[in-house]
Amino acid sequence: MEIIKTVEKLMEVAVRERAAGKTIGMVPTMGALHEGHLSLIRRAHKENDVVFCSIFVNPVQFNNAEDLEKYPRTLEADVKLIGDLADYVFAPSVEEVFPVAPTEVYDFGTMANVMEGAARPGHFNGVGVIVRRLLEWVRPHKAYFGEKDYQQIAVIREMCAQCRILAEIVPCPIVREPNGLAMSSRNRRLSAHEFETAANIHRILEASKQCKSVPEIQQFVESEIAKIPEFQLDYFEIADAKTLLTTDTLNNPNGVMGFITVYVGPVRLIDNIKYR
Ligand code: PAF
C-alpha cells in the first residue's frame, strides 16, 4: 500500500490504473477506522482490482467547532489496520484539498433539509463538496459508504446525479459492536459506562419493530429513550426510505425506516432501522 499526500499524485496514479484496464473501488473516510470502515474496504478489495481509501477529516462538513477539534485523528493506526486491503491511502492536508475555502453551494432538495440536514446546517453541503472532489480526482468505478449514515448516501447519490459523476454508489450494512451499538469513530469518546448504556439505542429500535403503527412506534421509542438518564434525544423520525420525508403509514410503497440521533453525554450518536 502506498500513502499519497498530493492531489496531483492521486490523479496521476488513478489515471494510470484506469489506463491499465483496472477496475477501481474507492472508500472515502475521515479516519479513526473501525470494523465498519474495514468492512467497506474489504468489500471494495473483493469487488475491484485496485482500492483507494481516503483519510481526511473534512472541516467543511462540521458545523460545530468542538466536534471538529475533538474528532479523533489516528493516521498511523489507520494505515496499519488497512494493511494490504487498499492499494493507495490518500491522506492529504486541509490546504492540499482546499487551497482556497470552497464556495460551492448545492441544492440537494428537501431530502437533504430534514433530519441531519436540519440538525446540522451546512453539513451535507460540506459532504457534497468533499465527496465530489474525491470522486472526480479518482474516478472510481464504485464508491462504498456505510448505511449508518443512510441520509448521507441519499445526498451523495443526488450529488452524483447533479454533477454527472458516474461511480456506482454502493451502500454497505451497518456493522455493530457485540452489544449492538452501531460502530462509529465517535464511540471511542464514550466512557465504559456510556458505551454500555448506548447499546440501548439499538435495543429500543429493535423492540419498536413490535409496534403496529407509526404513532405507536414514535411514542414507544421516545418514551423508552426518555427512561435512560444518560440519553438526550435529538430526533427520532419515521420516514419514507426513498424521499426521507416523514410518513404516517407503515404501508408506504418505498419502505419505511426509523432514524434516531441521541446524545450520550456530550457524544452525538446516530442509528437507523428498517421497518418495512
Ligand atoms: O461518512 C464519512 O466519514 C464522511 O462524511 C465522508 C463520506 C468520508 C466525507 O467526508
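Residues numbered from 1 in each chain as written. Predicted model: local features only at pLDDT ≥ 70, side-chain atom pairs only at ≥ 80, totals over all residues. Heavy atoms only, no water.

**Q** Quick one: what's the story with the site of the ligand, residue by residue and with numbers?
**A** Lining the immediate surroundings of the ligand are Pro28, Thr29, Met30, Gln61, Ile130, Val131, Phe145 and Gln152. Separating an oxygen atom of the ligand from a side-chain N or O atom of glutamine 61 is a distance of 2.6 Å. Glutamine 152 places a polar side-chain atom, nitrogen or oxygen, 2.7 Å from an oxygen atom of the ligand. Burial of the ligand by the protein chains amounts to 88% of its free accessible area of 290 Å². When residues of the shell around the ligand are traced back to their parent elements, those giving at least two are β2 (24-29) and α7 (123-138). (Near = heavy atom within 4 Å. Polar contact = N/O pair within 3.5 Å; in protein donor to acceptor, adjacent residues only side chain to side chain. Areas by Shrake-Rupley, 256 points an atom, 1.4 Å probe, with all protein chains shown as cover. Helix = DSSP H or I, 4+ residues; strand = E, 2+ residues; numbered from the N terminus.)

**Q** Hey, could you go over the nonpolar core for me, with residue numbers and the actual values?
**A** Ranked by size, the top nonpolar core spans 48 residues in total, and within it Phe52, Val131, Leu135, Ile169, Leu244 and Phe259 carry the most contacts. When residues in this core are grouped by element, the largest group, nine residues, is from α7. Among all residues touching leucine 244, those that are not within four sequence positions of it are Met111, Val114, Met115, Tyr150, Gln151, Ala154, Ala239 and Phe259. (Core = buried A, V, L, I, M, F, W, Y, C linked by side-chain atoms within 4.5 Å. Buried < 20%, exposed > 50% of the residue type's maximum accessible area, 1.4 Å probe, protein only. Contact = heavy atoms within 4.5 Å.)

**Q** Please provide a residue-by-residue account of the environment of asparagine 113, values included.
**A** By the secondary structure assignment, asparagine 113 is in the loop between α5 (94-97) and α6 (116-119). By relative accessible area, asparagine 113 is classed as exposed at 51%. Looking at asparagine 113, its side chain comes within polar contact range of the main-chain oxygen of glycine 109, at 3.5 Å.

**Q** Run through the pattern of salt bridges, naming residues and quoting values.
**A** Taken as a whole, this structure holds 17 salt bridges when the rule is applied. Of the charged contacts in the structure, one is a salt bridge between aspartate 234 and arginine 268, with a shortest N-O distance of 3.1 Å. Taken together, the residues span a long stretch of sequence, with aspartate 234 in strand β7 (residues 231-240) and arginine 268 in strand β9 (residues 267-274) at a distance of 34 residues. Of the residues examined, aspartate 234 reaches a relative accessible area of 33% and is grouped as partly exposed. Each member of the salt-bridge network shares a partner with another, and the members are Glu116, Arg120, Asp234 and Arg268. (Salt bridge = Lys/Arg side-chain N within 4 Å of Asp/Glu carboxyl O.)

**Q** Tell me what's going on with the confidence of the model for the chain, and back it up with residues and numbers.
**A** Looking at the chain, pLDDT values average 97 and 100% of them are 70 or higher. Mean pLDDT in the chain bottoms out at helix α3 (residues 65-70), which sits at 91, and peaks at strand β5 (residues 142-146), which reaches 99. (pLDDT = per-residue confidence, 0-100.)

**Q** Provide a residue-level description of the side chain of histidine 123, including the pertinent values.
**A** Looking at the element boundaries, histidine 123 is found in helix α7. Take histidine 123: its relative accessible area is 6%, and that puts it in the buried class. A polar side-chain atom of histidine 123 sits 2.8 Å from the main-chain carbonyl oxygen of glutamine 61.

**Q** Could you give an account of the sheet that holds strand β8 (residues 256-264), naming the residues involved and the relevant values?
**A** Pairing is antiparallel in the open sheet, where three strands are placed in the order β7-β8-β9. The open sheet terminates on both sides in strands that have one partner only, identified here as β7 and β9. In this sheet, adjacent strand axes meet at a mean angle of 15 degrees when their direction is disregarded. Where β7 and β8 come together, nine bridges link them in antiparallel fashion. Each residue of the ladder has a partner; that of glutamate 237, found in β8, is phenylalanine 259. Across the sheet, helix α9 (residues 192-207) lies against β7, β8 and β9, angled at about 25 degrees from β9, the strand it touches most. (Pairing = 2+ DSSP bridges. Axes fitted to C-alpha atoms, helices over the stretch in contact; angles between N-to-C directions.)

**Q** Go over the sheet that holds strand β3 (residues 50-55), please, and point to the residues and values.
**A** Overall, parallel pairing links the six strands, which are arranged β1-β4-β3-β2-β5-β6 in an open sheet. Edge strands, defined here as strands with exactly one partner in the open sheet, are β1 (2-4) and β6 (168-172). Between one strand and the next, the sheet's axes are offset by a mean angle of 25 degrees, whatever the strand orientation. Both β2 and β5 contribute to a ladder of two bridges, which runs parallel. Bridge pairing in β5 places glycine 25 opposite lysine 142. Of the strands in this sheet, β2, β3, β5 and β6 touch helix α2 (residues 35-47), which is tilted by about 155 degrees from β5.

**Q** So what's going on with the packing of α9 against helix α10 (residues 214-226)? Residues and values would help.
**A** Relative to each other, α9 and α10 sit at 150 degrees, their axes nearing to 10 Å. The orientation of α9 relative to α10 falls into the category roughly antiparallel. With respect to the hand of their crossing, α9 and α10 are arranged in right-handed fashion. Facing Arg203, Ile204, Leu205 and Ala207 of α9, the residues of α10 in contact are Phe220, Val221, Glu224 and Ile225. Residue classes in the contact of α9 with α10 are distributed as six nonpolar, no polar and two charged. (Parallel < 35°, antiparallel > 145°, perpendicular 65-115°, else oblique. Left-handed = near helix turned anticlockwise from the far one by under 90°. Nonpolar A, V, L, I, M, F, W, Y, C, P; charged D, E, K, R; others polar.)

**Q** Could you give an account of the environment of glutamine 162, with specific residues and numbers?
**A** Topologically, glutamine 162 is positioned in helix α8 (residues 150-163). In the structure, glutamine 162 is positioned 54 residues away from phenylalanine 108 in sequence and 8.6 Å away in space, judged by C-alpha atoms. Sequence-distant contacts of glutamine 162, that is, excluding residues within four places in its chain, are made with Tyr106, Asp107 and Phe108. Reaching out from glutamine 162, the side chain makes a polar contact with the side chain of glutamate 158 at a distance of 2.8 Å.

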